[in-house]
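One-letter residues, chain by chain:
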Amino acid sequence: HWPAPRAAGPVRAQVHVPGSKSITNRALVLAALSQSAAALRRPLRSRDTELMATALRSLGVPVRDTESGDWIVGPGQLRGPADVDCGLAGTVMRFLPPVAALAAGEVRFDGDPRARERPMGTVLGALRDLGASITGDALPFAVHGAGGLLGGPVTLDASASSQFVSGLLLAAPRFAAGVEVRHVGGPLPSLPHIRMTVAMLRAAGIDVDDREPDRWRVAPGPITLGELAVEPDLSNAAPFLAAALVTGGEVLVRGWPRSTEQAGDALRSLLARMGAECSFRTDGLLVRGTGRVNGIDADLREVGELVPTIAGIAALADGPSNLRGIGHLRGHETDRLAALAAELNWLGGDVTDSGDSLVIRPRPLRPGVFHTYADHRMATTGALLGLLVDGIEVEDVETTDKTLPGFVGMWQAMLGRVA
């Protein structure tokens with residue numbers, strides 16, 4: 001258990017968060033499928049991205065480190081047999097099966113115990129419909145690659161995860177007929193992530209038609225990624241910016257892009273609604289607390305990765321909050337709705353898990369252990385609560401290594417302390 005430090009007063013800090021996991025792992029896949037070597041500048045080096053790099057190496061794609069911490073990827077010849085450790089990374093378990101279908105030979109997938117519970121049947125069923133041979137419907141499973149895939153039209157229900165769509169789109173330029181993906185079913189979550197996938201494909205020279213809602217057509221063709229500079233991970237900036245709001249301080253996140261497809265950019269509007277002042281500076285985004293923390297009624301379907309931080313702020317707010325459209329978070333690293341409700345209520349809060357939403361009524365919180373369920377965003381939420389609540393201990397804070405290695409040191413530095 002890590003004793004979460006309490007803030008001695010308003011937090012005032014400048015923070016530099018490492019590269020985006022979402023961009024890094026999409027870029028690794030596109031680079032692995034490119035016709036020539038590609039360079040990834042300032043990629044995130046975390047458990048999720050190292051798992052992706054290791055998996056690509058096992059499939060015959062060179063992923064070389066540079067002295068500056070960049071990655072030079074490919075070109076390579078996809079082949080099996082190979083074993084892929086997905087860990088708990090949704091991007092690895094959902095993005096790589098379509099790539100494995102292009103390999104010559106068997107590719108076996110497995111991961112952490114919780115990963116075996118995460119939904120996989122949708123993307124594996126879609127691959128079967130496109131001509132792939134697959135054994136199993138969840139981890140562990142095996143893709144029996146034939147060196148290529150015909151592709152073509154496919155219909156699926158991606159209401160559980162936008163990654164089902166992104167995984168097919170990323171590999172589609174290498175399918176003989178490309179792909180036309182149609183989503184049918186409930187509302188599609190995390191649309192900014194699909195928009196990110198489409199933008200990165202287009203930047204790599206691929207023709208993508210997304211003019212019709214819930215339909216994406218990717219034409220076959222050579223991928224040319226070239227060189228890509230990875231943006232800072234805006235979602236990982238969430239707990240640091242929230243610290244400014246709840247303590248009435250100010251935090252500058254350096255390098256915040258003026259234009260981006262990252263879902264984390266929604267923090268600017270969400271934090272403003274909850275009482276912060278947000279403004280661009282020449283060197284980044286500044287968030288300043290105003291002395292008030294408002295509750296919020298918000299549909300967070302498109303930005304589910306921000307829910308744990310927003311829930312943490314809501315537990316410290318002046319009024320109730322209703323976080324809606326987030327039922328799909330039950331299939332993430334843990335059932336995030338159940339986990340947030342359980343931990344906040346354990347500390348004396350008043351949270352109702354209503355199936356597709358969390359209703360949070362702030363109450364004074366007490367000391368206790370904040371369990372993380374091997375979920376990195378639960379760990380950062382526990383740290384946020386500890387800023388204002390004495391005696392919060394975060395279980396397994398090292399789970400933040402999944403996407404934000406060195407989190408404890410960054411948090412201590414923000415507070416002006418030595419880790």
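Further up the page is the structure itself.
Model, not experiment: these values are computed from the prediction.

All right, on to the sheet that holds strand 1 (residues 2–3) then. Overall, mixed pairing links the three strands, which are arranged 1-23-22 in an open sheet. Two strands bound the open sheet, and with one partner strand each, they are strand 1 and strand 22 (368–370). In terms of strand pairing, strand 22 meets strand 23 (residues 392–394) through three bridges, oriented parallel. Bridge pairing in strand 23 places Val 369 opposite Glu 393. Against the sheet, helix 11 (residues 376–386) makes contact with strand 1, strand 22 and strand 23, and its axis sits at roughly 160 degrees relative to strand 23, the strand it touches most.

Moving on, we get to empty space enclosed by the protein. Enumeration over the complete set of coordinates arrives at three cavities of 30 Å³ or more. The calculated volume of the largest cavity comes to roughly 390 Å³. Taken together, 30 residues line the largest cavity, and the ones lying closest to its centre are Lys 21, Gln 163, His 193, Glu 305 and His 332. Its residues assigned to classes, the lining of the largest cavity shows four nonpolar, 16 polar and 10 charged. Each pocket or cavity is described by its volume, and for the second largest cavity that value is around 100 Å³. As for the second largest cavity, its lining consists of 14 residues, of which Ser 235, Asn 236, Pro 239, Arg 377 and Thr 380 are closest to the centre. Of all the elements in the fold, those that place two or more residues in the lining of the second largest cavity are helix 7 (238–247), helix 9 (307–315) and helix 11. At four residues, helix 11 tops the list of elements feeding residues into the lining of the second largest cavity.

With that out of the way, let us pick up the pairing of strand 13 (residues 215–218). Here strand 11 (residues 179–183) pairs with strand 13 via four bridges, running antiparallel. For Glu 180, the partnering residue across the bridge sits in strand 13 and is Arg 217. Both strand 12 (residues 208–209) and strand 13 contribute to a ladder of two bridges, which runs antiparallel. Residue pairing across strands places Asp 209 opposite Arg 217, the latter belonging to strand 13. What sits between the antiparallel neighbours strand 12 and strand 13 is a turn of five residues, in which Asp 214 has the positive phi angle 65 degrees.

The four strands lie next to each other as 4-5-3-14, forming an open sheet whose pairing is mixed. Whereas interior strands pair on both sides, the edge strands pair on one side only; in this sheet they are strand 4 (63–65) and strand 14 (227–229). Averaged over all pairs of adjacent strands, the angle between strand axes in this sheet comes to 20 degrees, irrespective of strand direction. Here strand 3 (residues 38–41) pairs with strand 14 via three bridges, running parallel. If you follow Leu 40 over to strand 14, its bridge partner there is Leu 228.

Here is what the cut-offs are and how they apply
Residues numbered from 1 in each chain as written. Predicted model: local features only at pLDDT ≥ 70, side-chain atom pairs only at ≥ 80, totals over all residues. Heavy atoms only, no water. Pairing = 2+ DSSP bridges. Helix = DSSP H or I, 4+ residues; strand = E, 2+ residues; numbered from the N terminus. Contact = heavy atoms within 4.5 Å. Axes fitted to C-alpha atoms, helices over the stretch in contact; angles between N-to-C directions. 1 Å grid on protein atoms, 1.4 Å probe; cavity = no way out; pocket = protein on both sides within 12 Å on 5 of 7 lines; lining within 4 Å. Points joined across faces, edges and corners; volume = space filled by probe spheres on them. Nonpolar A, V, L, I, M, F, W, Y, C, P; charged D, E, K, R; others polar.

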